[in-house]
Structure formats: structure tokens, C-alpha cells
Amino acid sequence: MKELAMNAGKTNRGGDFTERVRLNQQKLRDSLKSHYDFIVCGSGSPGSVVAGRLAENPEVNVLLLEAGGTDEIELKWTVSLKNTPHELV
């Protein structure tokens, strides 16, 4: 059994990742409006398609929300490879 752990909050490529995330989130918060014509909840494939189609109309304001987790989480994957090539647990 192999365990792979990555700490997304401490990735450091081309600068401090955590600081870049914080600045981006602040910029996004500052650009929120007090009124939207449409609010789409969930930015998975369906939500993204709906929000994209609505946003094609320049006369409307669309807010796409994604609950998602924090950007500072520890990601862990546990992979068990068995003799059968089609079995991934």
C-alpha cells in the first residue's frame, strides 16, 4: 500500500502560494456586486455551462458560487494496487 500526501497550502512555485491565494481571494471579494440577475450554485460541469450561457448576455450580471473547501487543506490519497489491473481501491 502506498500513501501520497501533498500539502497544497505549502506549495512554493514562483513565490509564496498561500500569499497569492490570499491576494486573489481578497481581489475577488472586493469585486462582488450588491445585485445579480442570476446566481448559479455549483461550478461543476452543469453549473459552469448554465452560468456561461447566461453570461453571454452582456445585459445581465451572473454570480457563480462554489462551496468548495479551503485552499489550505492537506490532500491525502491512499492507493492499493492488487493483482487485477482493473481494481483500484
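Placed above this text is the structure.
Calculation rules
- Residues numbered from 1 in each chain as written.
- Predicted model: local features only at pLDDT ≥ 70, side-chain atom pairs only at ≥ 80, totals over all residues.
- Heavy atoms only, no water.
- Salt bridge = Lys/Arg side-chain N within 4 Å of Asp/Glu carboxyl O.
- Helix = DSSP H or I, 4+ residues; strand = E, 2+ residues; numbered from the N terminus.
- Buried < 20%, exposed > 50% of the residue type's maximum accessible area, 1.4 Å probe, protein only.
- Pairing = 2+ DSSP bridges.
- Right-handed = clockwise from strand over helix to strand, strands pointing away.

Caption draft 1: Highlighting the pattern of salt bridges. Scanning the entire structure with this criterion turns up two salt bridges. Residue E19 pairs with R22 through a salt bridge whose shortest N-O separation is 2.7 Å. Taken as a pair, E19 and R22 lie in helix α1 (residues 17–30) at a separation of three residues, close to a single helical turn. On the accessibility criterion, E19 (32% relative accessible area) is partly exposed. The partner of E56 in a salt bridge is R53, and the shortest N-O contact between them spans 3.7 Å. Overall, the relative accessible area of 57% leaves E56 in the exposed class. For R53, a relative accessible area of 59% translates into the label exposed.

Caption draft 2: Examining the pairing of strand β2 (residues 38–41) more closely. Of the pairings in the sheet, the one linking β2 to strand β3 (residues 62–65) comprises four bridges and is parallel in character. What sits directly across from I39, in β3, is L63. Taken together, β2, helix α2 (residues 45–55) and β3 constitute a β-α-β crossover, and its handedness is right-handed.

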